[in-house]
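# Breakdown of the fold
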Amino acid sequence: RINPDFANAYYNRGLAYNDLKNYTDAIADYSRAIRINPDFANAYYNRGLAYKKLKNYTDAIADCSRAIRINPDHASAYVNRGNAYGKLKNYTDAIADYSRAIRINPDFAIAYYCRGLAKQATGLPFCSDYKKGCQLGYEVSCEWYNEQCR
């Protein structure tokens, strides 16, 4: 039985549900953790990931925004919010979020790859982002660079 005041227990069970692809129960447990600890940035972030998996991009954006308000250096929250913006074809905000994640963590390979995707979707130059993601070890970025830029 979970202590009803222990936010980390609900958060960790939410992570387990997420691993099982049971996103509805994951969201419920992240929400319980947030009710106990309203400043739990990672609970907002992971709930946002679960919302994105359920294609609820508006709530994913809202939760990532909350995580960012609590922790402005949460690079992964910027990438996840950028991914949700991209799913809504809001590439301008997606590119801005990926760029912010890169400023926070210049070695964040996936952020370069995702920014490349968003730039490509809008007709902006994108090869340098795929190349950088590849140089940082993200294999998918290497594949896209080799396929799209050579």
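This write-up is about the structure you can find in this document. (Residues numbered from 1 in each chain as written. Predicted model: local features only at pLDDT ≥ 70, side-chain atom pairs only at ≥ 80, totals over all residues. Heavy atoms only, no water.)

### Side note on the packing of aromatic side chains
To keep it simple, the criterion reads: Only Phe, Tyr and Trp rings are paired, with Trp represented by its six-membered ring, and only when their centres lie within 6.5 Å; those with planes under 30 degrees apart are stacked, over 60 edge-to-face, the remainder tilted. Only DSSP runs of H or I reaching four residues or more are called helices, and only runs of E reaching two or more are called strands; each is numbered from the N terminus. Classification of residues uses two cut-offs on accessible area relative to the type maximum, computed with a 1.4 Å probe and protein chains only: under 20% is buried, over 50% is exposed, and between them is partly exposed.
In the structure shown here, the tally under the stated rule is seven aromatic pairs. Here Tyr11 and Phe40 contribute two aromatic rings whose centre-to-centre distance is 4.8 Å and whose plane-to-plane angle is 40 degrees, an arrangement assigned as tilted. You can see Tyr11 sitting in helix 1 (residues 7-19) and its partner Phe40 sitting in the loop between helix 2 (23-36) and helix 3 (41-53), a full 29 residues away along the chain. Summarising the aromatic geometry, the rings of Tyr130 and Trp144 are spaced 5.8 Å apart at their centres and angled 45 degrees between planes, so their arrangement reads as tilted. One end of the pair, Tyr130, is in helix 8 (residues 127-135); the other, Trp144, is in helix 9 (residues 139-148), and 14 residues separate them in sequence. For Tyr130, a relative accessible area of 0% corresponds to the buried category. Accessibility expressed as a relative area gives 28% for Trp144, which makes it partly exposed.

### Some points on the nonpolar core
Put simply, the test is: In plain words, nonpolar cores are sets of buried Ala, Val, Leu, Ile, Met, Phe, Trp, Tyr and Cys residues tied together by side-chain atoms within 4.5 Å. Contacts: residue pairs with any heavy atoms within 4.5 Å of one another.
Grouped together as the largest cluster of nonpolar side chains are 41 residues, with contacts concentrated most on Ala33, Val79 and Ala101. Apart from residues no more than four positions distant in its own chain, Ala33 is found in contact with Ala7, Tyr10, Tyr11, Phe40 and Ala43.

### Describing the environment of Tyr45
Here Tyr45 is to be found in helix 3. Along the sequence, Tyr45 and Leu136 sit 91 residues apart, while their C-alpha atoms lie 24 Å from each other. For Tyr45, the residues in contact, after removing those within four places along its chain, are Asp63, Ala67, His74, Ser76, Ala77 and Asn80.

### Some remarks on unusual backbone geometry
The backbone of Lys55 shows a phi angle near 65 degrees, a positive value even though the residue is not glycine. Backbone geometry places Lys89, a non-glycine residue, at a positive phi of 65 degrees. Given a relative accessible area of 62%, Lys89 falls into the exposed group.

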